[in-house]
Amino acid sequence: MTETNNPSPTDFIRDIIDEDLKTNQTAGLVATRFPPEPNGYIHIGHAKSICLNFGLASQYGGTCNLRFDDTDPSGESLEYVESIIDNIHWLGFDWGDRMFFASDYFEQLYQFAVQLIKKGKAYVCDLNADEIREYRGSFTEPGTESPYRNRSMDENLDLFEQMRAGEFEDGSHVLRARIDMNAPNIIMRDPVIYRIKREAHYRTGNAWVIYPMYDFAHCLSDAIEGITYSICTLEFENNRPLYDWIVEELIENNRPHQTEFARLNLSYTVISKRVLIELVENGQVAGWDDPRMPTIAGMRRRGYTPQAIRNFCAQIGVAKNDNLIDMALLEHCVREDLNEHAPRVMGVLHPLRIVIDNYPEGQTEEFECANHPQNPDMGTRTVPFSRVLYIERDDFHEDPPGKYKRLAPGREVRLRNAYVIKYESMVKDEKGEVVELHCIYDPQTRNAPPADGRKVKGVIHWVSAEHCVPAEVRLYDRLFQVSNPAGEDEEFTKYLNPNSLETLTSCYVESGLKDAEAGNGYQFERLGYFCVDSRDSQPDRPVFNRVVPLRDTWGKIAGKK
RNA sequence: UGGGGCGUCGUCAAGCGGUAAGACACAGGACUUUGAUUCCUGCAUCCGGAGGUUCGAAUCCUCCCGCCCCAACCA
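As the structure is a computational prediction, the values presented were derived from the model and not from experiment. (Residues numbered from 1 in each chain as written. Chains lettered and ligands numbered in written order. Predicted model: local features only at pLDDT ≥ 70, side-chain atom pairs only at ≥ 80, totals over all residues. Heavy atoms only, no water.)

**So, the packing of helix 4 (residues 106–118) against helix 6 (residues 153–165)**
Then step 1. Taken N-terminus to C-terminus, the directions of helix 4 and helix 6 make an angle of 160°; their axes are 9 Å apart at the nearest point. The pairing of helix 4 with helix 6 is recorded here as roughly antiparallel in orientation. The interaxial crossing formed by helix 4 with helix 6 has right-handed handedness. Side by side, helix 4 and helix 6 meet where Glu107, Tyr110, Ala113, Val114, Ile117 and Lys118 of the first sit next to Met153, Asn156, Leu157, Phe160, Glu161 and Arg164 of the second.
Then step 2. The class makeup of the residues in the contact of helix 4 with helix 6 is seven nonpolar, one polar and four charged. (Axes fitted to C-alpha atoms, helices over the stretch in contact; angles between N-to-C directions. Helix = DSSP H or I, 4+ residues; strand = E, 2+ residues; numbered from the N terminus. Parallel < 35°, antiparallel > 145°, perpendicular 65-115°, else oblique. Left-handed = near helix turned anticlockwise from the far one by under 90°. Contact = heavy atoms within 4.5 Å. Nonpolar A, V, L, I, M, F, W, Y, C, P; charged D, E, K, R; others polar.)

Put into structure tokens, the structure is as follows:
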């Protein structure tokens with residue numbers, strides 16, 4: 001796969017690796033990992049991390065593991081594991097046989113904990129959660145040592161074994177690292193590394209009632225897998241001293257190192273798993289793969305392409321600045337890819353019936369149309385033409401605004417791939433609404449400019465009423481009305497865009513789209529890119545999702561007035 | 001408030017002591033049987049602020065200001 005932009009992106013992480021390689025810090029190895037917790041679907045923010053981790057591995061001839069960080073059974077499930085695997089593959093990355101689960105390391109991790117106890121560096125604490133919090137102190141006050149901090153090694157070993165054996169109630173005991181209750185970094189004030197939780201784990205079932213905490217499991221999982229670069233987001237920067245502490249206590253050689261980068265934020269949406277789960281559970285979207293969701297599944301169903309997402313991730317770069325990336329950049333990447341690859345077709349979203357008065361009744365002819373104006377290799381297709389057509393309601397104006405160059409009383413316009421037609425008359429209903437147009441066509445203009453040299457500026461799309469197929473089209477807009485919903489003080493749902501989905505049920509698309517395959521993307525000329533919905537589309541009743549509209553210079557001009 | 005991190009164009013982001021890349025966005029223009037695509041052109045005398053070091057500073061030093069993260073038995 002070739003990225004079209006940023007051919008050789010550089011960033012501070014690559015600088016670090018280059019330097020390490022130069023000074024032989026990792027024996028020439030670059031081993032990364034992508035470590036999702038299977039408690040939700042992955043989103044565009046994860047894509048940034050996936051592109052970084054897998055990208056590094058491929059760039060430096062290293063490896064990137066997929067590791068499920070499944071140390072907290074609540075909320076984790078196989079469904080999520082499967083969706084994550086599917087989504088990463090779809091994005092275009094592969095981990096070969098290097099798929100791992102932190103839960104597979106539970107026994108090893110337990111033994112590491114025992115080792116820590118034997119070194120006098122961990123103890124079983126009987127304080128409850130509230131008490132632990134109180135003893136922890138605050139930003140300004142140091143913590144207080146737990147009364148259980150100085151238990152003997154044997155007692156700790158015995159108690160920890162009992163914890164594992166299920167002798168204690170949930171929450172009654174925890175295993176804590178014995179570090180420093182006065183540490184200015186609160187994370188280092190004897191952090192909890194094991195808790196008792198009687199909850200079935202989706203993989204280990206009821207084999208365990210104690211589970212390791214992230215800080216303990218993650219760094220050791222990295223070490224077990226021989227990870228050289230453990231790349232995570234900025235909010236874990238505070239945890240790095242603990243990461244290093246654990247690794248230094250328990251790992252002799254080839255210790256992994258953590259490097260943090262800024263997570264992605266995207267305008268007009270929100271990409272925190274917690275919030276996305278809420279949207280799904282409250283029914284504010286139709287599911288994890290709702291095309292409005294910033295999830296990989298949602299973007300896929302919407303019609304975004306893996307290449308577009310990868311290009312986007314390359315474009316945004318990797319740094320440590322907090323950021324809010326303009327959604328317009330993502331849309332640009334999507335258009336850029338679709339412009340090159342999507343076949344052109346015609347579809348009418350808001351149909352207006354038009355009769356070509358001088359075209360013989362019952363006659364049909366076929367036009368050969370290019371599937372891509374700039375790329376003849378994409379071939380042609382035939383599109384039927386007849387006396388009665390549908391055009392876009394918007395392409396006719398009874399009283400056209402300035403610079404408008406489409407159809408209007410007295411005007412001529414080119415029917416895309418077909419004839420030039422001229423306005424004759426209109427038919428209105430009792431409400432004064434235009435319901436039908438009558439035009440005449442110029443037979444000389446088939447594939448040719450008007451013989452007398454007159455210029456016809458406007459070009460509009462159309463479908464033949466007799467041949468077209470009815471379709472449903474779903475128009476999507478930004479999920480939120482404010483650029484940074486996560487930054488608002490009030491509940492984010494207040495800023496949901498009520499018009500993020502508009503369903504059009506009486507659209508017509510050209511006949512060739514009758515059996516369009518799910519997932520296929522097309523450009524509906526002059527409108528935008530559309531993708532056959534993978535869930536709801538039927539052979540005789542296709543459903544299209546608008547991936548992204550075409551850039552609309554006219555809309556800007558018209559919008560200004 | 002203690003600790004950690006970050007401040008370069010509207011949004012991202014290069015830059016690593018030698019005089020501000022690039023992308024998106026935006027604004028003009030050319031071409032066009034998609035008001036699309038493509039193609040030109042413009043868009044930070046200035047790098048959070050103030051001092052200082054230096055022949056020379058976005059890059060080094062000092063102080064100040066602002067934003068983000070940490071007080072889950074979540075990750």
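**Topic: the sheet that holds strand 1 (residues 31–34)**
Then step 1. Pairing within the open sheet is parallel, and its three strands lie in the order 1-2-3. Two strands lie at the open edges of the sheet, namely strand 1 and strand 3 (99–101), each paired on one side alone. Taken pair by pair, the neighbouring strands of this sheet meet at an average axis angle of 35°, ignoring direction.
Then step 2. The strands touched by helix 7 (residues 214–225) are strand 1, strand 2 (63–68) and strand 3; relative to strand 2, the strand with the most contacts, the crossing angle is about 140°. (Pairing = 2+ DSSP bridges.)

**Thoughts on the pattern of salt bridges**
Then step 1. Scanning the entire structure with this criterion turns up 42 salt bridges.
Then step 2. Between Asp222 and Arg33 there is a salt bridge whose closest N-O contact spans 4.0 Å. A residue pair is termed long-range when its members are at least 10 positions apart, and Asp222 in helix 7 and Arg33 in strand 1 qualify at 189 residues.
Then step 3. Look at Asp222 and you get buried, because its relative accessible area is 0%.
Then step 4. The partner of Asp86 in a salt bridge is Arg300, and the shortest N-O contact between them spans 3.2 Å. On the criterion of sequence distance, the pair formed by Asp86 in helix 3 (residues 78–91) and Arg300 in helix 10 (residues 296–302) is long-range, its members being 214 residues apart.
Then step 5. Classification of Asp86 as partly exposed rests on a relative accessible area of 38%.
Then step 6. Look at the salt bridges and you will find they share partners, linking Asp289, Arg301, Glu472, Arg474, Asp533, Arg535 and Asp536 into a network. (Salt bridge = Lys/Arg side-chain N within 4 Å of Asp/Glu carboxyl O. Buried < 20%, exposed > 50% of the residue type's maximum accessible area, 1.4 Å probe, protein only.)

**Here's the deal with the side chain of Lys48**
Then step 1. In this fold, Lys48 is placed in helix 2 (residues 44–59).
Then step 2. Buried charge without a salt bridge: Lys48, with Asp322 as the nearest opposite-charge side chain at an N-O distance of 9.3 Å.
Then step 3. At 2.7 Å, the side chain of Lys48 forms a polar contact with the backbone oxygen of Ala262.
Then step 4. Not counting chain neighbours up to four residues away, the residues in contact with Lys48 comprise Phe261, Ala262, Arg263, Leu264, Cys313, Ile316, Gly317 and Asn323. (Lys, Arg positive; Asp, Glu negative; His and termini not counted. Polar contact = N/O pair within 3.5 Å; in protein donor to acceptor, adjacent residues only side chain to side chain.)

**A short note on the protein's contact with RNA strand B**
Then step 1. Residues in contact with RNA strand B amount to 68 residues; listed here are only the nearest, Thr140, Gln315, Arg416, Arg551 and Thr553.
Then step 2. Here the atoms of RNA strand B within 4 Å of the protein split so that 61% fall in sugar or phosphate, with bases taking the remainder.
Then step 3. The backbone of Leu127 places a nitrogen or oxygen atom 3.1 Å from a base nitrogen of RNA strand B.
Then step 4. Between Phe139 and RNA strand B, the recorded distance is 3.2 Å, taken from a backbone N or O atom to a base nitrogen.
Then step 5. Broken down by secondary-structure element, the contributors of at least two residues to the surface near RNA strand B are helix 5 (129–135), strand 6 (192–196), helix 11 (306–316), helix 12 (327–341) and helix 13 (553–560).
Then step 6. When grouped by side-chain class, the residues that make up the surface near RNA strand B number 26 nonpolar, 18 polar and 24 charged. (Near = heavy atom within 4 Å.)

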